[in-house]
Structures are given as C-alpha cells and as structure tokens.
Amino acid sequence: MTWKEKMNARAAAVEAALERLIPLPEGYNRPVYEAMRYSCLGGGKRLRGVLTLATAKMGGLDMKQAEPFAAAVEMIHAYSLIHDDLPAMDNDDLRRGKPTCHLAFDEATAILAGDGLLNLAFETILEHSALSAETTLAAMRLLAKCSGCRGMIGGQTADMQAEKVQADAALLDYIHTHKTGDMIEAAAGMGVLISGKTEYMEPVATYARCVGLAFQIVDDILDVVGDSSELGKPAGSDAKNHKSTYVSLYGMEQAKERVEHLTESAQEAVRAFGEEGAFLAELANGLALRTK
C-alpha cells in the first residue's frame, strides 16, 4: 500500500469507529445526538485519529485496540470546530462544505453538541479501552491536558485576544502551537502511551509539534491562495476578519519556507522507526503539500 492508501484505510477505520460509538437514541436527548453526529461524521481528514492508530502500531499495538482513543481525539476535535464556528467566536457559515452546526440546528444545540462530544470522548475511552487502568489513565491525562486550558483552549483564548491587538511572532507561535499543535501532539502521544513504548515519546512529540505548526501555517497559506470549493469554507476569511497569520506577519515566501523546514524536522524525528516511521514521514510531506 502507498502511504495515501494507508491513510485512507485508516481514516475509514476511524470513521467506522465514530459511527459505532456515537449513538442515536430515541428520547428527549435525541436532538443533541443528531447535532453531534452531523458535526462529527461524514467528513474530515481524520488526521488525529490516524496518528493515534499509526503511533500505536509503531509501538506494536494492534490498531483495533487503539480505535477508542482515535475516536476520542476526533470527537474532541469536532467539538472544538463546533465552538470555533459559533457567532461568539469565528461566526462561520460553512464547515467541510456544509452549514455549520449552529446554522444546521441552532446556537444552543450547537453549544450542547460540542459539550456532548467532549464528554463522550472520555466516556468512550473509559468504556471501551481494553488496556490496563494505568495505561488508559495516562492516555486520558495527556488528552485532557492538550485539549484544556494549557493546550487547545489556551490557544483559542489567545486567538480571540489577538483579534483585539496586532499579534507579534511570539503570540502567533503560541496560538498555532496550542490551538492546533497540541491536539496533534495528544493524538500521536496517546498512540505511543497505549503501546507501552514510552522511549518513543520524545521523537514522536517532536514530530507532532512540527507537523502541527506546519499544518496551521499551511492553513494560513490556503486562506490566501486556496479555492473555497476545495476548502469547504470561504477563502480569504482571515484577511476579512483582520486576523494575524504567518502570511500577514512574514509574507508568503517565508511562510512556505517555514513549512518546508518544519516538515523536514518532522520527517527526521521518525525516520528510524521502520515502516510506520516511513508512513509518518510521508504523511508529513503530504500535509505540507495539501490543497484543502
């Protein structure tokens, strides 16, 4: 299999796990589950879930055992996008080519759907992990930290503050590292933790940090040069909202050079880890060259 075929197969496995693990009950709470499924299923790269599967396999764990953890990180990612799109934050109309959750349902349901996915992520790990309590809790601890105020939420907070001031390089690095990068680090790190190969943690963390920052810089680039129909959301929204980005701060050429350097560093960090290391290295390159 090529790396892209592996990526697609693993993304499909994560999608199937999410379909299975997000129920659609009959009852008064059904509307929130409908909104959760609308936002979490049927789209997206499943990058974070695939990273969990890949690093778990790299450490010798059967990928089936990693699926609850992969699904959990995708649930948290989906919740963050629901809340990010809300009128109080980015006020976006489109996500993955379809109306955002608060437009497809309503604002209150969207908030609750985000809350529901966050809680369901940890319920999923607790109910479906076949690993030891110590290993399961270590993975949950990393996921909670990286998605919380020291991680993704902290990055989103800084992003909101940056709308009121001109962000400098240090603030922009903080936003991108935490808002996007920390969840990528959590995804990759969980796979290492649940496989028991903790000696892989440092190089995998380096890989994830580089990929996470490069991923966000590419997002900044695509907002300028991307096609809205490919992106699944309006291009040019950063400039319209006067958001500081790597392109606005450093210029297009320097932003592209930073992506190239980060991608090379990511590849170097995992090159020694056999077949899965090669997959991760090729994935980093594919993400750097993406058009959506």
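Read on for a plain summary of the structure. Predicted model, so just to flag it, every value in this text is computed and none were measured.

### Observations regarding the overall build of the protein chain
Then step 1. Counting its secondary structure elements, the protein chain contains 15 helices and two strands.
Then step 2. For the protein chain, whose C-alpha radius of gyration is 18 Å, the value lies close to the compact-globule estimate of 19 Å for 292 residues.
Then step 3. In terms of principal-axis extent, the alpha carbons of the protein chain reach across some 50 × 50 × 35 Å.
Then step 4. The contacts in the protein chain between residues at least 6 apart in sequence include a share of 73% that link residues at least 24 apart.
Then step 5. Accessible surface, the protein chain: about 13,200 Å² in total, of which carbon and sulfur atoms supply 54%.
Then step 6. Treating the 29 positive side-chain charges of the protein chain as one cloud and the 41 negative ones as another, the clouds have centres 3 Å apart.

### Looking at the state of the cysteines
Then step 1. Summed over all chains, the structure comprises zero disulfides.
Then step 2. For Cys40, which is in no disulfide, the shortest distance to another cysteine sulfur is to Cys101 and amounts to 11 Å.

### Here's the deal with the nonpolar core
Then step 1. Met75, Leu117, Leu143 and Tyr207 are the most contacted members of the largest nonpolar core, which totals 85 residues.
Then step 2. The contact partners of Leu143, leaving out residues within four places of it in the chain, are Ala72, Val73, Ile76, Phe122, Ile125, Met183, Ala186 and Met190.

### What about the pattern of salt bridges?
Oppositely charged side chains are able to pair whenever their charged atoms sit close together.
Then step 1. The full count for this structure, using the stated rule, is 17 salt bridges.
Then step 2. Lys64 is paired through a salt bridge with Glu67; the nearest N and O atoms lie 3.5 Å apart. A residue pair is termed a helical-turn pair when its members lie 3 or 4 positions apart in one helix, as Lys64 and Glu67 do in helix α4 (residues 63-84) at three residues.
Then step 3. By relative accessible area, Lys64 is classed as exposed at 55%.
Then step 4. A salt bridge links Asp84 to Lys179, with the shortest nitrogen-to-oxygen separation between them at 3.7 Å. Taken as a pair, Asp84 in helix α4 and Lys179 in helix α9 (residues 169-195) lie far apart in primary sequence, 95 residues in all.

### Brief notes about the packing of aromatic side chains
Then step 1. All chains considered together, the criterion is met by three aromatic pairs.
Then step 2. Taking the centre distance of 5.4 Å and the plane angle of 80 degrees together, the rings of Tyr38 and Phe105 count as edge-to-face. Here Tyr38, found in helix α2 (residues 30-40), pairs with Phe105, found in the loop between α5 (101-104) and α6 (107-128); they are 67 residues apart in sequence, far enough to count as distant.
Then step 3. With a centroid separation of 4.6 Å and 50 degrees between ring planes, the pair formed by Tyr200 and Phe273 is classed as tilted. Here the residue Tyr200 occupies a position in the loop between α9 and α10 (201-225), and Phe273 occupies one in the loop between α14 (252-270) and α15 (274-288), the gap between them amounting to 73 residues. For the pair shown, Tyr200 and Phe273 are each scored as buried.
Then step 4. The lysine or arginine in question, Arg10, covers the ring of Phe279, its NZ or CZ lying 4.7 Å from the ring centre.
Then step 5. The residue whose ring lies beneath Lys98 is Tyr38, and the NZ or CZ to ring-centre distance is 4.1 Å.

Rules used in this analysis
Residues numbered from 1 in each chain as written. Predicted model: local features only at pLDDT ≥ 70, side-chain atom pairs only at ≥ 80, totals over all residues. Heavy atoms only, no water. Helix = DSSP H or I, 4+ residues; strand = E, 2+ residues; numbered from the N terminus. Rg over C-alpha atoms; globule rule 2.2 N^0.38 Å. Contact = heavy atoms within 4.5 Å. Areas by Shrake-Rupley, 256 points an atom, 1.4 Å probe, with all protein chains shown as cover. Lys, Arg positive; Asp, Glu negative; His and termini not counted. Charge placed at Lys NZ, Arg CZ, Asp CG, Glu CD. Disulfide = S-S within 2.5 Å. Core = buried A, V, L, I, M, F, W, Y, C linked by side-chain atoms within 4.5 Å. Buried < 20%, exposed > 50% of the residue type's maximum accessible area, 1.4 Å probe, protein only. Salt bridge = Lys/Arg side-chain N within 4 Å of Asp/Glu carboxyl O. Phe/Tyr/Trp six-rings, centres within 6.5 Å; stacked < 30°, edge-to-face > 60°. Lys NZ or Arg CZ within 6 Å of the ring centre and 35° of its normal.

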